[in-house]
Amino acid sequence: MKITIIGFGVVGRGLAKVLYKKKDELEKNYGEFRVVAICDRSGAIIDEDGVDLKEAIEVKEKTGKLINHKKAKKVDVLDVIRNVKSDVVVEVTPSNLETGEPAKTYILESFKNKKHVVTANKGPLALYYKELVEEAKKNNVYFRYEATVGGAMPIINLAKENLAGNKILAIRGILNGTTNYILTKMEKEKVDFETALKEAQELGYAEANPSQDVDGLDTAAKIVILANSIMNLNKTIKDVKIKGIRKITPEALFLANKRGYTIKLIGEIKEGYLIVEPMLVPIESPLNVKGTLNVAMFETDLAKEVVVVGRGAGAEETASAILSDLIWIKKRLS
Ligand SMILES: NC(=O)c1ccc[n+]([C@@H]2O[C@H](COP(=O)([O-])OP(=O)(O)OC[C@H]3O[C@@H](n4cnc5c(N)ncnc54)[C@H](OP(=O)(O)O)[C@@H]3O)[C@@H](O)[C@H]2O)c1
């Protein structure tokens, strides 16, 4: 299977490292996964015989730009999508929750050129889910996006495949590791929000501009994707009632603890309503996971409650979800 990777940041390189490290094992179990093109903002390396992934990673990590690779060219990403012979486009550019771009254009162009798409990018899915899924169908290509919600945690495919036949009545969970880290720290060390945020930033868990995480937009985008893909709703971010964690105090956490609860930023889909807000969670609840962990609980008619816990971010962790989507497609192309 020939693959084009668009975006060679944390996740793009994480995937390349995994494909390189597991090359023999993957080939033995599923057949060849050959990366024929990689793009960043500076240019692209294209090699239909297979890009040397180790070399590409080295050049990118040493110089910050793919164009410094001896085989790289300055080409438009859309031309790579149109002209390089590949079966799948892996789209891993930054998530833009206002326009969904440039990912939306890249994904639609891939569909038009009969290329399957795997993405980790929340933006286009949280804003244009219906349009994208319909375009994929119209062009008869697969569109997979497990990595958009909960990083490594199997959640979309778990619900759609392993829980197939169940009616999913509700989904609730912690889908943002940064806020979970901050609340855990505030609870354990009785520090205020600003102090916990500062430490999360120093450790690289929170962005310099933490707004999307702490004000709940990141979680909102993820529950929109879950609502549409798992519960067959037709929602966008505008349909979510959102409240972040800036107003939570160590005193509120202390009082909650005294009554047997903790406070978590929960994303919830129930009876067609989408909510993101700090909620009281019983200390014994499986939703009370600590640190940067993510968790999701499905309430279903047959299986009843199903809970999945895992790492919501990280290079290899996110690559794990992308790889599972690639293998899913590979099995259907063989
Ligand atoms: N990091 C995680 O743990 C994680 C987990 C789950 C999902 N995700 C999602 O995965 C995606 C990638 O995340 P990341 O952490 O890898 O981001 P990142 O480190 O910022 O990397 C983004 C990459 O996209 C490239 N890019 C940006 N604009 C582009 C354009 N117009 N055309 C071509 N390439 C472009 C950048 O190029 P330059 O290198 O030239 O700047 C960079 O290589 C995001 O949508 C994110 O939300 C990330």
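Quantities reported herein were computed from a predicted structural model and do not represent experimental measurements.

Let's shift gears to the overall build of the protein chain. Helices and strands together make up the secondary structure of the protein chain, namely 13 helices and 12 strands. Whereas a compact globule of 334 residues would reach a radius of gyration of roughly 20 Å, the protein chain reaches 20 Å, a difference of no more than 12%. Viewed in the frame of its principal axes, the protein chain has a C-alpha envelope of about 65 × 45 × 35 Å. Taken over 334 residues, the protein chain has a buried fraction of 47%. Look at the contacts in the protein chain between residues 6 or more apart in sequence, and 71% of them connect residues 24 or more apart.

Strand direction decides the pairing type here: strand S7 (residues 168-174) and strand S11 (residues 293-300), joined by 6 bridges, are antiparallel. Its bridge partner lying in S11, Ile168 is registered against Thr300.

As a further point, take the sheet that holds S11. The sheet built from 6 strands is open, its strands ordered S8-S10-S9-S7-S11-S12 with mixed pairing. Since the sheet does not close on itself, it has two edges, and those belong to strand S8 (240-242) and strand S12 (305-311), each with one partner. Mean inter-strand twist for the sheet, computed between neighbouring axes without regard to direction, equals 25°.

This brings us to the site of the ligand. Every one of the 25 residues lining the ligand counts as a neighbour, but Gly7, Gly9, Val11, Arg41 and Ala313 are closest to it. With 3 residues, helix H1 (residues 10-21) is the single largest residue contributor to the shell around the ligand. For the shell around the ligand, a count of residues per class yields 12 nonpolar, 10 polar and 3 charged.

Below, the discussion takes up the nonpolar core. Within the largest apolar cluster, 98 residues are counted, with the highest numbers of intra-cluster contacts made by Ile5, Ile38, Val90, Ile223 and Ile322. Ranked by residue count, the leading element in this core is helix H11 (residues 217-231), at 9 residues. Two domains share this core, each providing at least three of its residues, namely domain 1 (2-152 + 315-333) and domain 2 (158-311). Excluding residues that lie within four positions of it along the chain, Ile322 makes contacts with Leu15, Val90, Val118, Ala120 and Ala147.

One open sheet holds the 6 strands; their spatial order is S3-S2-S1-S4-S5-S6, and the pairing between them is mixed. Strands at the two margins of the open sheet, each flanked by one partner only, are strand S3 (44-46) and strand S6 (143-144). As paired elements, strand S1 (residues 2-6) and strand S4 (residues 88-91) share 4 bridges and run parallel to each other. Across the sheet, Ile5 pairs through a bridge with Val90, a residue of S4.

For the protein chain, the domain assignment lists domain 1 (2-152 + 315-333) and domain 2 (158-311). Taking only C-alpha atoms, the centre of domain 1 and the centre of domain 2 are 28 Å apart.

Cut-off values and rules
- Here, residues in each chain are numbered from 1, in the same order as that chain's written sequence.
- Side-chain atom pairs in this predicted model are given and counted only at pLDDT of 80 or more, local residue features only at pLDDT of at least 70, and totals for whole chains, interfaces and linings cover all residues.
- Here a strand is any run of E in DSSP of at least two residues, a helix any run of H or I of at least four, and the numbering for each starts at the N terminus.
- The reference for a compact globule is 2.2 Å times residues^0.38; the radius of gyration itself is calculated from the C-alpha atoms.
- Exposed residues have 12 or fewer other C-beta atoms within 10 Å of their own C-beta, buried residues have 20 or more, and residues in between are partly exposed; the C-beta atoms are placed from the backbone.
- Contacts are defined on C-beta atoms placed from the backbone: any two residues whose C-beta positions lie within 7 Å are in contact.
- The criterion for strand pairing is that DSSP finds at least two bridges linking the strands in question.
- Here, axes are lines fitted to C-alpha atoms. For helices the fit covers the stretch in contact, and angles between N-to-C directions go from 0 to 180 degrees.
- For each residue, a C-beta position is placed from the backbone atoms; the residue is near a molecule or strand when that point lies within 6 Å of it.
- Ten residues, namely Ala, Val, Leu, Ile, Met, Phe, Trp, Tyr, Cys and Pro, are considered nonpolar, four, namely Asp, Glu, Lys and Arg, are considered charged, and the remaining ones, Gly among them, are considered polar.
- Here, a nonpolar core denotes buried Ala, Val, Leu, Ile, Met, Phe, Trp, Tyr and Cys residues that are linked to one another through C-beta atoms within 7 Å.
- Annotation comment: domain bounds sourced from an automatic or database domain assignment.

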